[in-house]
Amino acid sequence: VLDILRRTNGKALAVNLKETMDAQIEIAEKEGLHICPEGATTFVALKKLRAGGWIRPHEKILLINTGNGLKYLPFIEVTKVPIVENEEDIPTQW
């Protein structure tokens, strides 16, 4: 992998657990998706690469998430998820 990165002027970066978990929450709040940590890591990396000038604002980027966060529920603190007790409590607009 390092050889390919060097030959293509690529970049590798690290994403820590807190950044990953924060991204999972951000994506859940904004998009309604409970993605896996691996997918959230790509989102953090995108933000870092844009901030560092590696990806320009006009460029189109595809992030791939191949799993969901359900198998990681024991590790995630859920704090901002609305709980609906009755069907009448479901808002007609979010």
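Residues numbered from 1 in each chain as written. Predicted model: local features only at pLDDT ≥ 70, side-chain atom pairs only at ≥ 80, totals over all residues. Heavy atoms only, no water.

## Section: the overall build of the chain
What counts is decided by this rule: Helix and strand labels come from DSSP, where a helix needs a run of H or I of at least four residues and a strand needs a run of E of at least two; each type is numbered from the N terminus. Exposure is judged per residue with a 1.4 Å probe applied to protein chains only, and the accessible area is read against the type maximum: over 50% gives exposed, under 20% gives buried, and values in between give partly exposed. The contact definition used throughout considers only heavy atoms, calling two residues in contact when any of these lie within 4.5 Å. Using a 1.4 Å probe, accessible areas were evaluated by the Shrake-Rupley method; residue-level cover was limited to the displayed protein chains.
Helix and strand counts for the chain come out as 3 helices and 0 strands. Out of the 94 residues belonging to the chain, those deemed buried represent 20%. Pairs at least 24 apart in sequence give 54% of the contacts found in the chain among residues at least 6 apart. In the form shown here, the chain has an accessible surface area of approximately 7,900 Å², with 57% of it arising from carbon and sulfur atoms.

## Observations concerning the environment of Ala12
With respect to the helices and strands, the residue Ala12 is situated in the loop between α1 (2-7) and α2 (17-31). C-alpha of Ala12 to C-alpha of Val1: the two residues are 11 residues apart in sequence and 9.4 Å apart in space.

## Considering the layout of surface pockets
Note the cut-off: Buriedness of a pocket was judged along seven lines, with at least five required to meet protein on both sides within 12 Å; pockets are open sets of points on a 1 Å grid over the protein atoms alone, cavities are sets where a 1.4 Å probe fits but cannot get out, and lining residues have an atom within 4 Å of a point. Grid points are joined across faces, edges and corners, and a volume is the space filled by probe spheres set on the points.
Here the second largest pocket is characterised by a volume of approximately 180 Å³. Lining the second largest pocket, in full, are Glu26, Ile27, Lys30, Glu31, Leu33, Ile35, Gly39, Thr42, Phe43, Leu63, Ile64 and Asn65. Among the elements of the structure, α2 and α3 (37-51) are those that each provide at least two residues to the lining of the second largest pocket. Residue contributions to the lining of the second largest pocket peak at 4 residues, all from α2.

## Remarks on the confidence of the model for the chain
Inclusion rule: pLDDT is a per-residue confidence score from the predictor, ranging from 0 to 100.
Residues with a pLDDT of 70 or more make up 82% of the chain, whose mean pLDDT is 85. Here α2 is the element of the chain with the lowest mean pLDDT, 90, and α3 is the one with the highest, 95.

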